[in-house]
Amino acid sequence: MVLGFTNLVSGAVYLLSFVEYKSNCRYSENQQFLKEVVQNVLDGQGVGWLNMKKVRRLLENEQLRVFVLSKLNRAIQSEEDARQEIIRDVVRDVFESNFNNKHN
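Residues numbered from 1 in each chain as written. Predicted model: local features only at pLDDT ≥ 70, side-chain atom pairs only at ≥ 80, totals over all residues. Heavy atoms only, no water.

Some details on the overall build of the protein chain
A tally of regular secondary structure across the protein chain gives 3 helices and 0 strands. Ordered by position in the sequence, the α and β elements of the protein chain form the string α-α-α. Residues classed as buried in the protein chain amount to 11% of the 104 residues present. The contacts of the protein chain with a sequence gap of at least 6 include a subset with a gap of at least 24, amounting to 62%. (Helix = DSSP H or I, 4+ residues; strand = E, 2+ residues; numbered from the N terminus. Buried < 20%, exposed > 50% of the residue type's maximum accessible area, 1.4 Å probe, protein only. Contact = heavy atoms within 4.5 Å.)

Quick notes on the side chain of N30
Its location among the elements puts N30 in helix α1 (residues 2-42). Those residues in contact with N30 that sit more than four places away from it in its chain are K54, L58 and L64.

A look at the nonpolar core
By size, the foremost hydrophobic cluster in this structure holds 9 residues: F33, L34, V37, V38, V55, L58, L64, F67 and V68. When residues of this core are traced back to their parent elements, those giving at least two are α1, α2 (52-58) and α3 (62-103). Of all the elements, α1 adds the most residues to this core, at 4 residues. If we skip the residues at most four places from it in the chain, V55 touches F33, L34, V37 and V47. (Core = buried A, V, L, I, M, F, W, Y, C linked by side-chain atoms within 4.5 Å.)

Structure, rendered in structure tokens:
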């Protein structure tokens, strides 16, 4: 009787680990899909009507919503940093040219 219980427990553990593995694979596939969707949105293409239903379903999961928002925030932040760098360079150039014109 104990041997049957041990086999049952080990089978249940195997089944749970297999389900967890499949779940992790599916989660990774969903992340990759959303990563591509975010890249399309950032490129100005938007979300295609064929993908809209899947995107809505995936964004019901809070972890995936956070994943998408982090990707969007990173992209926006890097664009903002690039703009600030351009503004600093232009301001410096304008200041130097004004300074040089006044002292020449």
